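So the chains spell out like this:
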Amino acid sequence: MLNRTKLLTMKEKKEKIAMITAYDYPSALMAEKSGADMILVGDSLGNVVLGYDSTIPVTLDDMIHHGKAVRRGAPDTYMVVDMPFMTYHVSVEDALLNARRLYQETRAEALKVEGSGEVLEVVSRMTQAGIPVVGHLGLTPQSVNVLGGYRVQGKDKQTAKTLLDEAKAVEAAGAIALVMECVPRQLAAVISEKLEIPVIGIGAGKECDGQVLVYHDILQYGSDKLPKFVKTYIDSNHLLGEAVESYVKDVKSEAFPEEQHTFTMDPSLLEDIEG
Ligand code: KIV
Ligand code: NA
């Protein structure tokens, strides 16, 4: 199992970190079998599993429910679980109570929080309490309505400088890794170089220390509308769609069930009960 020390060693050795999201038992089985270094139980489950149009409606109970399922499917892979919207902003005390539940009940290896600023104290207090924290900067989907949409962050000099400062601050607060979402590769490269902890990019170019993508996006399973930074490896919507249609057709045409799907008995035994 990966840990903080091994993560730092991977970065030193320039060994790329492969992270993938998972939300339930089958996706966790698949992620663990793939040899991914880290699994993220992302609050993107709001979008790709629950059908919301953002991560904002996702609750702590949702994350616990899905985190437990992922743990059952991937007992031996480093599992990071997202702290959802507003579960770490009300007060440090509230954040720690929520973190305790999420960490203990899912048996995650680490929790992830978005942002910098006031969140830094939470990162530091969680770390002191013994909970490894992964940061998340750049496009932070829980703040989509403040950021003004899903768009690339840090494109001008000022915001680029701010992002670098925030990244350093998240590291200084004790984070074990940092997710950088939707930033120009040149900026992500600088941030990766300046930090000791691994930077795991999503839409942040190849110079990051690792990459993360959403399970459903890799498989094109669910929405067909995918962001530019996604690489799709199979068109599940098409392939699974055909399979499911075939089943329905087989039922209608009586092509299913066949003998091999059927249980039998001696029909004479039914003479009595048929009357
Ligand atoms: O929720 C999620 O899937 C994430 C990744 C996109 C980094 O936070
Ligand atoms: Na997330």
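Conventions adopted
In this convention, every chain numbers its residues from 1, walking through the sequence in written order. All chains are assigned letters beginning with A, and all ligands numbers beginning with 1, in the order in which they are written. Where totals are concerned, whole chains, interfaces and linings use all residues; where local detail is concerned, this predicted model gives features only for residues with pLDDT of at least 70, and gives and counts side-chain atom pairs only at 80 or more. UniProt positions are given in the numbering used here, feature names are shortened, and annotations may be inferred rather than shown by experiment. Strands here are runs of E lasting at least two residues and helices are runs of H or I lasting at least four, both read from the DSSP assignment and numbered beginning at the N terminus. Working definition of burial: number of other C-beta atoms within 10 Å of the residue's own, with buried at 20 or more, exposed at 12 or fewer, and partly exposed in between, all C-beta atoms being placed from the backbone. We call two residues in contact if the C-beta atoms placed from their backbones are at most 7 Å apart. By the convention used here, strands pair only if DSSP detects at least 2 bridges between them. Orientation is described by axes fitted as lines to C-alpha atoms, over the contacting stretch for helices, and by angles from 0 to 180 degrees between their N-to-C directions.

An unreviewed UniProt entry lists the protein chain under the name 3-methyl-2-oxobutanoate hydroxymethyltransferase, from Halobacillus salinarum. In its Function (unreviewed entry) section, the UniProt record describing the protein chain reads: "Catalyzes the reversible reaction in which hydroxymethyl group from 5,10-methylenetetrahydrofolate is transferred onto alpha-ketoisovalerate to form ketopantoate." For the protein chain, the Pathway (unreviewed entry) comment in UniProt is given as "Cofactor biosynthesis; (R)-pantothenate biosynthesis; (R)-pantoate from 3-methyl-2-oxobutanoate: step 1/2."

Check the secondary structure of the protein chain and you find 12 helices and 8 strands. Viewed in the frame of its principal axes, the protein chain has a C-alpha envelope of about 85 × 40 × 35 Å. By the burial criterion, 40% of the 275 residues in the protein chain qualify as buried. Across the protein chain, contacts joining residues at least 24 apart in sequence account for 58% of those joining residues at least 6 apart.

Residues annotated in UniProt with the feature "binding site: Mg(2+)" (unreviewed entry) correspond here to Asp43, Asp82 and Glu114. Across 72 residues of sequence, these annotated residues stay compact in space, with a maximum C-alpha separation of 11.0 Å. Among the secondary structure elements, Asp82 is positioned in strand β3 (residues 78–82). In contact with Asp82, other than residues within four places in its own chain, are Val41, Gly42, Asp43, Met63 and Lys112. Ignoring any residue separated from it by four or fewer positions in sequence, one finds Glu114 in contact with His136, Thr140, Gln142 and Ser143.

Attention shifts here to the sheet that holds strand β1 (residues 17–21). Within a sheet, adjacent strands bond to each other through the backbone by hydrogen bonds, running parallel or antiparallel. The 8 strands lie next to each other as β1-β2-β3-β4-β5-β6-β7-β8, forming a closed barrel whose pairing is parallel. Direction aside, neighbouring strands of the sheet carry axes that sit 25 degrees apart on average. Note that strand β7 (residues 199–202) and strand β8 (residues 210–213) share 2 bridges and pair parallel. Across the sheet, the residue bridging to Ile200 is Gly210, located in β8. Against the sheet, helix α9 (residues 185–194) contacts β6 (177–181) and β7, and its axis sits at roughly 165 degrees relative to β7.

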